[in-house]
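Descriptive analysis of the structure
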Amino acid sequence: MCGIVGYIGKRKASEVLLNGLNRMEYRGYDSAGISVIEDSKLITMKKKGKVSLLESIVDHKSLTSTIGIAHTRWATHGYPNDVNAHPHSDNSGNISIIHNGIIENYYALKIKLTEEGYTFKSETDTEVLAVFIGALYEQVNDLERAVRMALSEVSGTFGIVVLSSHEPDKLIAARRGSPLVVGIGKSEYIAASDATAIVQYTNSVVYLSDNEMAIITRDGFTTKTISNRKTIKAIQEIKFSIDQIEKSGFEHFMLKEIYEQPHTIRDSFRGRLLSEKGNVKLGGLSSVKDKLRSAGRIIITACGTSWHAALVGEYLIEQIAQVPVEVEYASEFRYRNPILNPDDVVFVISQSGETADTLAAVQEAKRKGATVLGIVNVVGSSIARETDAGIYIHAGPEIGVASTKAFTAQISVLMLIALYLGRMKNLSLADGRKIAAELNELPAKVESVLQNAEGIKSIAKEYSTAKNFLYLGRGNNFPVALEGALKLKEISYIHAEGYPAAEMKHGPIALIDENMPVVFIATKDDIYDKVISNIEEVKARKGKIIAIATEGDSRIGRIADHVIYIPDSISFLTPILASIPLQLLAYYMALELECNVDQPRNLAKSVTVE
Ligand code: F6R
């Protein structure tokens, strides 16, 4: 949600910055802009729309600057247009800033500054911060001090980088609540919202903490708190490579990430599954093993797709480990004064590790004294650092805005946690071994599901004119129905609802007629017969049925209009196998409708505002 990047070094800044914006465009694509210093003057270029439009007005040949900042925007305050695009400057035109986050007290500051005679061109909160820094600079003649003074008066969240022609060999980066990473190269530094903008130039990074700033010059950088206390940072290594953030021959990142799932699931198990012992080794949780053993209740909190994974986790942990689980939207959890008992353990799930609502839920749970554990993809992210302990899902960078491989890797890790807890409790060695054996076979089964892509493509062709879809499933396939519907909505803009199949007769059945496609997840499990009855109810009302069913099930072929088969497996694993055809269905529907699969409208990958 907004990507920011600042560069200082020996390369042509405009090239490094535009490259960084292209890498981070999944964070927002409403507008883009760049500021550099040429002949001691700040030059800013900005444009509504995608980074490619900005690229069309930036003439790299005429630019020589080796310092600059750039931004790709997901609009919060003010329409996406050229004026509201970042960077924003102060009234003197000598200070330029890029910002990710929201300055919550911007309105009061704007009134105060207006009364003092300062003017504003845009509707953004960011311009207020730029003008404020400029006003303070007039008083103190010191950029770092002016930034520090401004930041100690603003409330809300920010990741910012400040550039000024007053001090043309310096970048000031700071954060509170929004991510910021500083890449350390050979006589060059890149400050960015995430490591994807950095990895091409260096693998060495430091992650800034909340209320911390970095003062970066050509000779090095120092870090301190906004209240001016020096801090010491450990240099860390980016763990992914450049080819992991490229399309590698696939038409879209989403398709690449769907096809990566056999590997990402295997990676999430690697070194963790102890097949012979029917158990799991989770190094990240060893420090809280006793706490987990005695947990009276587990709360899982997350947003969006990660929340759907949490719902699957609820089934897995309750069924395998017999520990009560509650699942909460992170955005609700923090505001409803949740009751937390001393023996509760809170898990938070987040692909990005930066979702503002989820991060706030971590802070709320910690404030109440709970043990808070992360299930996170992005290494070094805020949630990974703020939780007491946790497990990385190891899905690798997920660039497509609609989450796919992170979802299945999250469920895989939840499965490991369920087995880990189960074996600490009453799950027998034999049952543990049986589950471990199934987990070992899972990547190959996922591979075989992917081979159904052509059939799914032809279903998408047939239904791409439908205006609504219903997705129905029961038990641990209910969250799969929710996730299937979300994927379709997000990337094809077709309205879709996910429901527990049996709930259909309590309302949604009124929607069913010959124009309503209904996707059933109807795998062979304990409630298969009940789901078949629900399918018959839809059929009796002429609804069109697309069923996800277990290989070898001949009965369903006689009722459904289309069947997509997935391999037989223990029911715990059907959410993973069944969600893959639904990802492909959403993908091919979006292609049919010529939608922008990787950058759907209004969305951004990492939701760093509340
Ligand atoms: C949907 C999607 C979102 C995210 C949600 C949480 O495809 O990607 O619903 O799942 O914004 O994001 P993370 O997992 O990064 O906390």
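Residues numbered from 1 in each chain as written. Predicted model: local features only at pLDDT ≥ 70, side-chain atom pairs only at ≥ 80, totals over all residues. Heavy atoms only, no water.

Our next topic: the overall build of the protein chain. The secondary structure content of the protein chain amounts to 19 helices and 26 strands. Taken over C-alpha atoms, the radius of gyration comes to 25 Å for the protein chain, in line with the 25 Å a tight globule of 610 residues would show. The principal-axis extents of the C-alpha atoms in the protein chain amount to approximately 75 × 55 × 45 Å. Put simply, the protein chain has 610 residues, and 61% of those count as buried. When contacts within the protein chain are restricted to residue pairs at least 6 apart in sequence, those whose partners lie at least 24 apart make up 71%. Total accessible area on the protein chain is roughly 22800 Å²; 48% of this is exposed by carbon and sulfur atoms. Charge separation in the protein chain, taken as the distance between the mean sites of 67 positive and 73 negative side-chain charges, equals 3 Å. (Helix = DSSP H or I, 4+ residues; strand = E, 2+ residues; numbered from the N terminus. Rg over C-alpha atoms; globule rule 2.2 N^0.38 Å. Buried < 20%, exposed > 50% of the residue type's maximum accessible area, 1.4 Å probe, protein only. Contact = heavy atoms within 4.5 Å. Areas by Shrake-Rupley, 256 points an atom, 1.4 Å probe, with all protein chains shown as cover. Lys, Arg positive; Asp, Glu negative; His and termini not counted. Charge placed at Lys NZ, Arg CZ, Asp CG, Glu CD.)

The strand order across the open sheet formed by eight strands is S3-S2-S4-S1-S10-S9-S11-S14, and the pairing between neighbours is antiparallel. On the outer flanks of this sheet lie strand S3 (41-48) and strand S14 (236-237), each paired with one strand and no other. Inspection of the sheet shows strand S2 (residues 31-38) paired to strand S4 (residues 67-73) by six bridges, in the antiparallel sense. Bridging across to S4, isoleucine 34 finds its partner in alanine 70. (Pairing = 2+ DSSP bridges.)

For the rest of this paragraph, the subject is the packing of aromatic side chains. All told, the structure shown has six aromatic pairs when counted by the stated rule. Note on tyrosine 106 and tyrosine 107: the rings are 6.3 Å apart at their centroids and 70° apart in plane angle, and the pair reads as edge-to-face. Judged by centre distance (5.1 Å) and plane angle (75°), the rings of tyrosine 587 and tyrosine 588 are edge-to-face. By the burial criterion, tyrosine 587 is buried, and tyrosine 588 matches it. (Phe/Tyr/Trp six-rings, centres within 6.5 Å; stacked < 30°, edge-to-face > 60°.)

We now examine helix H15 (residues 453-463). Looking only at H15, the buried set comprises Ala453, Ile456, Ile459, Ala460 and Tyr463. Along the axis of H15, the buried residues cluster in a sector spanning 120°; they form a single face. Looking at H15, the residues exposed on the side facing more than 90 degrees away from the buried face are Glu454, Lys461 and Glu462. (Arc of directions from axis to C-beta.)

Attention now goes to the side chain of histidine 77. Examined against the element boundaries, histidine 77 turns out to sit in the loop between S4 and strand S5 (88-89). Separated by 3.0 Å, the side chains of histidine 77 and threonine 76 make a polar contact. Apart from residues no more than four positions distant in its own chain, histidine 77 is found in contact with Ile102, Tyr106, Glu123, Thr124 and Asp125. (Polar contact = N/O pair within 3.5 Å; in protein donor to acceptor, adjacent residues only side chain to side chain.)

A word on helix H16 (residues 478-492). Along its 15 residues, H16 runs 21 Å from first to last C-alpha, staying within 8% of the 21 Å computed at 1.5 Å per residue. Taken across its 15 residues, H16 has 12 buried, putting it largely inside the fold. Backbone geometry just after H16 places tyrosine 493 at a positive phi near 60°. (Expected span 1.5 Å × (residues − 1).)

Quick look at the site of the ligand now. As a matter of local geometry, the ligand sits amid 15 residues, with Ser306, Ser350, Gln351, Ser352 and Thr355 nearest to it. In this structure, serine 350 approaches the ligand through a side-chain N or O atom, which is 2.6 Å from an oxygen atom. In this structure, an oxygen atom belonging to the ligand sits 2.7 Å away from a main-chain N or O atom of glutamine 351. Here the ligand loses 89% of its free accessible area of 400 Å² to cover by the protein chains. Of all the cavities here, the one that holds the ligand is the second largest pocket. Going through the elements one at a time, helix H9 (304-321) and H16 are the ones with two or more residues in the shell around the ligand. (Near = heavy atom within 4 Å. 1 Å grid on protein atoms, 1.4 Å probe; cavity = no way out; pocket = protein on both sides within 12 Å on 5 of 7 lines; lining within 4 Å. Sits in = over half its atoms within 2 Å of the grid points.)

It is a probe the size of a water molecule, rolled over the atoms, that shows where empty space is left. When its volume is computed, the largest pocket comes out at roughly 650 Å³. As for the largest pocket, its lining consists of 40 residues, of which Phe240, Asn377, Val378, Val379 and Pro397 are closest to the centre. Top contributing element to the lining of the largest pocket by residue count: helix H7 (residues 261-269), with three residues. Of the residues in the lining of the largest pocket, the class split is 14 nonpolar, 13 polar and 13 charged. Counting the residues that make up the lining of the largest pocket, at least three belong to each of domain 1 (3-238) and domain 2 (243-447). Looking at the second largest pocket, its volume works out to about 510 Å³. Lining the second largest pocket are 24 residues, with Gly304, Thr305, Glu490, Lys605 and Val607 positioned closest to its centre. Listed by contribution, the elements that provide at least two residues to the lining of the second largest pocket are H9, strand S19 (344-350), helix H11 (356-367) and H16. Broken down by class, the residue content of the lining of the second largest pocket amounts to nine nonpolar, 10 polar and five charged. Split by domain, the lining of the second largest pocket shows at least three residues from each of two domains, domain 2 (243-447) and domain 3 (452-610). (Points joined across faces, edges and corners; volume = space filled by probe spheres on them. Nonpolar A, V, L, I, M, F, W, Y, C, P; charged D, E, K, R; others polar. Domains from an automatic or database assignment.)

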